[in-house]
Amino acid sequence: MKVLLKKTLSKSAKILGLDLLTGLANQRLFLPFYHTVSDDDLVHVKYLYPVPTIKRFKTDLDFLLKNFKPVSYTFLHDYVKNKNAIAENCFFLSFDDGLREFYDVVAPILVHQGIPATCFINTAFIDNRDMFFRMKASILIDTITRKELSAGQKKAVTGIFNQHNLTYNSASDLLRITDQNKEILDTLAPVVGVCFAEYLATHQPYLTTNQIHELIQQGFSIGGHSVSHPYYPMLPEEAQVKQTVDCLSYLADNFNIQERLFSFPHTDFNVKKTFFDKIRDHVDLSFGTAGLKLDLLETNLQRTPMEVPGYSSAEEIVKTEYLYFILKRVVGKHKIHRSW
Ligand SMILES: [Zn+2]
């Protein structure tokens with residue numbers, strides 16, 4: 001419903017000027033986020049979201065720079081702490097999941113253009129020690145799609161799904177596997193002839209310790225994205241706190257990172273105010289993924305995903321988000337409220 005409404009709005013938003021939209025919304029700060037940028041076929045993410053090409057990313061940056069001033073996390077700190085009014089349109093750029101393309105592709109472009117950015121990292125995946133379960137699903141879908149399964153393999157896959165009270169009809173059913181039953185992916189892998197350890201060793205999808213040190217030297221800020229990328233709304237609160245605090249402690253201990261920034265893996269939807277109270281001594285600013293939206297907690301800022309199926313440019317996404325925000329405000333849905 002929301003996706004359809006936004007797609008309808010995008011047609012009207014296209015013809016409107018951004019100045020008009022930011023003015024009407026009275027929102028000068030925009031927080032776009034990506035995961036990766038690549039011209040290669042990234043098997044581990046290609047079934048999760050559309051991967052922007054380098055050309056698309058550069059066009060996005062041109063649009064953002066033309067309409068917003070790039071700002072770093074220190075600007076956000078001051079803005080939140082002093083409740084400063086923002087006089088001109090600004091954007092804060094960030095990347096989630098700590099993927100290697102941030103070092104290989106994105107950082108050189110940003111350094112060249114003088115754009116600050118924050119990279120949010122899952123500490124369990126640094127140096128390719130392990131992998132986010134959704135990436136495992138993407139790799140398996142690719143294998144199953146390319147090579148047709150034998151009757152025996154199909155029977156085994158269906159059997160594994162059934163053991164977990166799930167049905168298997170096609171490869172895309174792997175995207176229904178959640179944090180709660182992610183071990184299915186490890187059971188399925190040998191059945192379809194995939195070895196995740198081998199994939200990690202060959203493709204090295206994540207940043208290494210040395211690359212992170214180098215990125216810090218280059219002036220990028222590093223934030224936490226939890227230890228192992230669990231789905232917070234389904235986690236007990238103590239586990240949410242542990243995932244957050246352990247991740248930030250690791251970054252502080254191993255990289256001497258002073259900024260205490262945290263982006264929620266998946267979503268901060270339904271995360272309670274009591275969680276924010278418990279992490280207050282460990283996190284200065286946190287970031288959600290709800291799009292252009294206000295949060296009653298001023299230290300929790302909502303970012304807009306830039307890898308959206310059916311959208312081919314930042315211009316389209318940004319304008320649609322602004323028009324959607326203006327409409328949400330009319331019905332009072334532009335702010336996230338949180339329960340205790
Ligand atoms: Zn993530």
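On a predicted model such as this, the values are computed, not experimentally measured, just so you know.

Scoring rules and cut-offs
- Residues numbered from 1 in each chain as written.
- Predicted model: local features only at pLDDT ≥ 70, side-chain atom pairs only at ≥ 80, totals over all residues.
- Heavy atoms only, no water.
- Helix = DSSP H or I, 4+ residues; strand = E, 2+ residues; numbered from the N terminus.
- Buried < 20%, exposed > 50% of the residue type's maximum accessible area, 1.4 Å probe, protein only.
- Contact = heavy atoms within 4.5 Å.
- Pairing = 2+ DSSP bridges.
- Donors = N, O, S within 2.8 Å, 3.2 Å for Na, K, Ca; no water.
- Arc of directions from axis to C-beta.
- Phe/Tyr/Trp six-rings, centres within 6.5 Å; stacked < 30°, edge-to-face > 60°.
- Lys NZ or Arg CZ within 6 Å of the ring centre and 35° of its normal.

### Regarding the environment of Leu31
Point 1. For Leu31, the location among the structural elements is in the loop between strand 1 (29-30) and strand 2 (32-34).
Point 2. You can call Leu31 buried: its relative accessible area is 5%.
Point 3. For the pair formed by Leu31 and Phe276, sequence separation is 245 residues and the distance between their alpha carbons is 20 Å.
Point 4. Those residues within four positions of Leu31 in sequence are excluded, and the remaining contacts are Leu76, Phe92, Phe287, Leu301, Gln302, Arg303 and Thr304.

### Digging into the sheet that holds strand 1
Point 1. Spatially, three strands are ordered 1-4-3 in an open sheet, and the strand pairing comes out parallel. At either end of the open sheet lies a strand with only one pairing partner, and these are strand 1 and strand 3 (69-70).
Point 2. With two bridges connecting them, strand 1 and strand 4 (residues 90-91) associate as parallel partners. Within strand 4, the residue paired with Leu29 across the bridge is Cys90.

### Here's the deal with the environment of Leu140
Point 1. With respect to the helices, strands and loops of the structure, Leu140 is situated in helix 6 (residues 133-146).
Point 2. Along the primary structure Leu140 and Asp186 are separated by 46 residues, whereas in three dimensions their C-alpha atoms are 10 Å apart.
Point 3. Setting aside residues no more than four positions away along its own chain, Leu140 makes contact with Leu174, Leu185, Leu188, Ala189, Val192, Val194 and Phe196.

### Looking at the coordination of the zinc ion
Point 1. Within the protein, the zinc ion binds to Asp97 (OD), His225 (NE2) and His229 (NE2); these donor distances fall in the range 2.1 to 2.2 Å.
Point 2. For the zinc ion, the single-chain donor residues occur in sequence as D-x127-H-x3-H. Of this pair, Asp97 sits in the loop between strand 5 (93-95) and helix 5 (101-113) while His225 sits in the loop between strand 7 (221-224) and helix 11 (237-255), placing them 128 residues apart in sequence.
Point 3. Using a relative accessible area of 4% as the deciding quantity, one classes Asp97 as buried.
Point 4. Judged by relative accessible area, which is 1%, His225 ranks as buried.

### Things to note about helix 10 (residues 209-217)
Point 1. Considered for burial, the residues of helix 10 that qualify are Gln211, Ile212 and Leu215. The arc that holds the buried residues of helix 10, viewed along the axis, is 100°, so those residues lie on one side. Of the exposed residues in helix 10, the ones pointing more than 90 degrees away from its buried face are Asn210 and Gln217.
Point 2. Close packing links the buried residues of helix 10 with helix 5, strand 6 (117-121), strand 7 and helix 11.
Point 3. Gly219, located one to two residues past helix 10, shows a positive phi value of around 105°.

### Some points on the packing of aromatic side chains
Point 1. A full pass over the atoms with the stated rule returns 19 aromatic pairs.
Point 2. On the basis of an interplanar angle of 35° and a centroid distance of 5.9 Å, the ring pair of Phe30 and Phe68 is categorised as tilted. You can see Phe30 sitting in strand 1 and its partner Phe68 sitting in the loop between helix 3 (54-67) and strand 3, a full 38 residues away along the chain.
Point 3. The class of Phe30 is buried, set by a relative accessible area of 0%.
Point 4. Look at Phe68 and you get buried, because its relative accessible area is 3%.
Point 5. By the ring-pair criterion, three or more aromatic residues cluster together here, those being Tyr34, Phe57, Phe95, Phe102 and Phe220.
Point 6. Stacked on the ring of Tyr311, the Lys or Arg Lys7 has its end atom at 4.1 Å from the ring centre.
Point 7. Seen from the ring of Phe33, Arg303 lies directly overhead, with NZ or CZ sitting 4.1 Å from the centre.

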